Amino acid sequence: MSKNSILKGVFLVGLGATSYGMLATFVRMAYDENYTTAEVTSSQFIFGIIGILLINAFQRNRNNNTAIKPSTRKISQLMLAGTSTGLTSVFYYLAVKFDIPVSIAIVLLMQTVWMGVLLEWFLEKKAPSVVKIISVVIVLIGTALATNLINSEIKLNPLGLFFGLLAAASFTTTMFTANRVATEISSAQRSLYMLLGGGIMVFIFALITQIIPNQSPAFADALGVFSTAKDFNFTIFLKWGIVLSLFGTIIPPMLLNAGFPLTGIGLGSIVSALELPVSVMMAYLILNEKVVFIQWIGIILIIVAIIIMNLNFQKK
């Protein structure tokens, strides 16, 4: 592969990761305008599905309808795999909703590094290498520093922490299934069916936490802090829907799917770690979140662990 192709891949992956890194800041800004998690996720996925539909239509027209059409079984598998995509958004945004700073929420999401190692060990029955074990230890140390846990004055909402880790677990599932199901069809088609699966989960979440509680006070009381008993505010679609869908469900998947084949998994994973510092910088510059020096050390350690895990140490 030529050097120009690799540089192009690095640019595409980096841009995709940067887009993901901006997402949580936009979600926090939407929350500050009193929009709910159900409204934020619904607008993101509905516009995301519309956007991917248009991309698929464009590709079909350009290729004269010669694209491989997936079977009903493959579509079902992709939609099932996509449910974790929807759950990742719901859990990640709930973490932000329950007072977890954006700069810490992204650190929690990056726990996919060690969760992925555990899942690979469980599924493939193969113990992780020494390099991976060292990387996991570095990630855990970096996480303790990046979340500033050693500062006894820092009080993080346990519910927020819980949902942040659930988002990481769900995202780990997405990464493992996304590149293993129906890989023979185009990335745009795969993205569409996975988004439809994720959209179903988002709709169920909106139904349970906002739509039904708004009609049933008893149900709202039973849900407690998870209930949002108010009319659905459709202005979210005009105000934040397009922005959230672009940076969350349209631009990043398309860029990453285009860039990873050019960079390879190892280099691509290292470049995609840009998501972490970009997210923290956005929170610092736009939301005025306080990020102390020890947190930057932790963030650097996590990025170092990702680099170590993806470098090829075998001699040429």
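Quick caveat: nothing in here was measured; it's all calculated off a predicted structure. Residues take numbers from 1 onward in each chain, read along the sequence in its written order. Totals for whole chains, interfaces and linings use every residue, but because this is a predicted model, local features are given only for residues with pLDDT of at least 70 and side-chain atom pairs only at 80 or more, for both listing and counting. With hydrogens and water excluded, all non-hydrogen atoms of the structure serve as input to the side-chain values.

Asks: How would you explain the overall build of the protein chain if you had to name every residue and give the values?
Replies: Helix and strand definitions follow DSSP, with helices as H or I runs of at least four residues and strands as E runs of at least two, each counted in order from the N terminus. Each helix and strand counted, the protein chain has 13 helices and zero strands in total. Counted from the first residue to the last, the protein chain has its helices and strands arranged as α-α-α-α-α-α-α-α-α-α-α-α-α. The globule rule is 2.2 Å times the number of residues to the power 0.38, and the radius of gyration it is compared with is taken over C-alpha atoms. For the protein chain, whose C-alpha radius of gyration is 20 Å, the value lies close to the compact-globule estimate of 20 Å for 316 residues. Taken along its principal axes, the extent of the C-alpha atoms in the protein chain is 65 × 60 × 40 Å.

Asks: Which residues make up the side chain of Thr-143, and what values go with them?
Replies: By the secondary structure assignment, Thr-143 is in helix H6 (residues 130-146). Relative accessible area decides the class of each residue, using a 1.4 Å probe on protein chains only: under 20% of the type maximum gives buried, over 50% gives exposed, and in between gives partly exposed. Judged by relative accessible area, Thr-143 falls into the buried class, the value being 10%. At 2.8 Å, the side chain of Thr-143 and the side chain of Gln-111 are in polar contact. Not counting the four nearest positions on each side in its chain, Thr-143 is found in contact with Val-107, Gln-111 and Ile-302. Polar contacts here mean pairs of N or O atoms no more than 3.5 Å apart (in protein, one a potential hydrogen donor and the other a potential acceptor; neighbouring residues in sequence count only if both atoms are side-chain atoms). The contact criterion used is simple: two residues touch if any of their non-hydrogen atoms lie within 4.5 Å.

Asks: Provide a residue-level description of the pattern of salt bridges, including the pertinent values.
Replies: Salt bridges are defined by distance alone: a side-chain nitrogen of Lys or Arg within 4 Å of a carboxyl oxygen of Asp or Glu. The final tally for this structure, using the stated rule, is two salt bridges. Close ionic contact of Lys-239 with Glu-33 constitutes a salt bridge, the shortest N to O distance being 2.9 Å. Here the residue Lys-239 occupies a position in helix H10 (residues 235-263), and Glu-33 occupies one in the loop between helix H1 (3-32) and helix H2 (37-62), the gap between them amounting to 206 residues. Relative accessible area serves as the criterion here: at 34%, Glu-33 is assigned to the partly exposed category. Residue Glu-39 is joined to Lys-230 by a salt bridge in which the shortest nitrogen-to-oxygen separation is 2.9 Å.

Asks: I'd love a proper account of the nonpolar core, names of residues and values included.
Replies: Among the nonpolar cores identified, the biggest contains 60 residues, and Val-40, Tyr-92 and Leu-276 are the most heavily contacted of them. In this structure, Val-40 is in contact with Val-27, Ala-30, Tyr-31, Tyr-35, Tyr-93, Ile-236 and Leu-244, ignoring residues within four places of it in sequence. Of all hydrophobic cores here, the second largest spans seven residues; its members include Ala-81, Ala-182, Ile-185 and Tyr-193. Note on terminology: a nonpolar core comprises buried Ala, Val, Leu, Ile, Met, Phe, Trp, Tyr and Cys residues joined through side-chain atoms within 4.5 Å.

Asks: Run through the packing of helix H3 (residues 72-97) against helix H8 (residues 187-215), naming residues and quoting values.
Replies: Axes are the key here: two packed helices are described by the angle between their axes and the distance separating the axes. Viewed as axis vectors pointing N to C, H3 and H8 meet at an angle of 50 degrees, and their least axial separation amounts to 6 Å. Comparing the axis directions of H3 and H8 gives the class oblique. At the point where H3 passes H8, the crossing takes the right-handed sense. When H3 is examined against H8, the residues Ile-75, Leu-78, Met-79, Ala-81, Gly-82, Thr-83, Thr-85, Gly-86, Leu-87, Val-90 and Leu-94 are found in contact with a partner set consisting of Arg-190, Tyr-193, Met-194, Leu-196, Gly-197, Gly-198, Ile-200, Met-201, Val-202 and Phe-205. Lines fitted to the C-alpha atoms define the axes, with helices restricted to the stretch that makes contact. Angles between their N-to-C directions range from 0 to 180 degrees. Throughout this description, any angle smaller than 35 degrees is read as roughly parallel, any larger than 145 degrees as roughly antiparallel, any in the 65 to 115 degree range as roughly perpendicular, and the remainder as oblique. Handedness of a helix crossing follows the sense of rotation of the near helix relative to the far helix, less than a right angle counterclockwise being left-handed and clockwise being right-handed.

Asks: So what's going on with the confidence of the model for the protein chain? Which residues, and what values?
Replies: Confidence of the prediction at every residue is given by pLDDT, a number between 0 and 100. On average, the protein chain scores 84 in pLDDT, and the residues at 70 or more come to 93%. No element of the protein chain has a lower mean pLDDT than helix H11 (residues 265-272), at 70, and none a higher one than H3, at 91.

Asks: Which residues make up the packing of aromatic side chains, and what are the values?
Replies: Centres within 6.5 Å are what make two rings of Phe, Tyr or Trp a pair, Trp counting through its six-membered ring; a difference in plane orientation under 30 degrees is then read as stacked, over 60 as edge-to-face, and the rest as tilted. Under the criterion given, the structure shown has 10 aromatic pairs. Grouping aromatic residues by their ring pairs yields a cluster made of Phe-47, Phe-232, Phe-234 and Phe-237. A ring is considered to have a charge above it if a Lys NZ or an Arg CZ atom is located within 6 Å of its centre and within 35 degrees of its normal. In this structure, Lys-97 is placed above the aromatic ring of Tyr-31, and the distance from its NZ or CZ to the ring centre is 4.7 Å.

Asks: Let's hear about the environment of Phe-247: which residues, and what values?
Replies: With respect to the helices and strands, Phe-247 occurs in helix H10. Exposure remark for Phe-247: the relative accessible area of 21% places this residue in the partly exposed category. Along the sequence, Phe-247 and Ala-24 sit 223 residues apart, while their C-alpha atoms lie 9.7 Å from each other. Once residues lying within four places of it in the same chain are set aside, the contact partners of Phe-247 are Ser-19, Tyr-20, Met-22, Leu-23, Phe-26 and Pro-252.

Asks: Requested: an account of unusual backbone geometry, with residues and values cited.
Replies: For Asn-34, which is not a glycine, the phi torsion comes out positive at approximately 70 degrees. For Asn-34, a relative accessible area of 61% gives the class exposed.

Asks: Explain the side chain of Glu-39 to me, and be specific about the residues and the numbers.
Replies: Residue position: Glu-39 is located in helix H2. Judged by its relative accessible area of 0%, Glu-39 is buried. Within the local environment of Glu-39, its side chain forms a polar contact with the side chain of Gln-210, the two groups lying 2.9 Å apart. In terms of polar contacts, Glu-39 uses its side chain to reach the backbone amide nitrogen of Asn-233, at 2.8 Å. Those residues in contact with Glu-39 that sit more than four places away from it in its chain are Asn-34, Gln-210, Lys-230, Asp-231, Phe-232, Asn-233 and Ile-236.

Asks: Could you give an account of the packing of H3 against helix H4 (residues 102-109), with specific residues and numbers?
Replies: Orientation of H3 relative to H4, taken along the N-to-C sense of each, is 145 degrees, at an axis distance of 9 Å. Between H3 and H4 lies a crossing of right-handed hand. Where H3 approaches H4, its residues Thr-88, Tyr-92 and Val-96 are matched on the opposing element by Val-102, Ala-105, Ile-106 and Leu-109. Of the residues in the contact of H3 with H4, the class split is six nonpolar, one polar and no charged. Polarity classes work like this: nonpolar for Ala, Val, Leu, Ile, Met, Phe, Trp, Tyr, Cys and Pro, charged for Asp, Glu, Lys and Arg, and polar for all others, with Gly in that last group.

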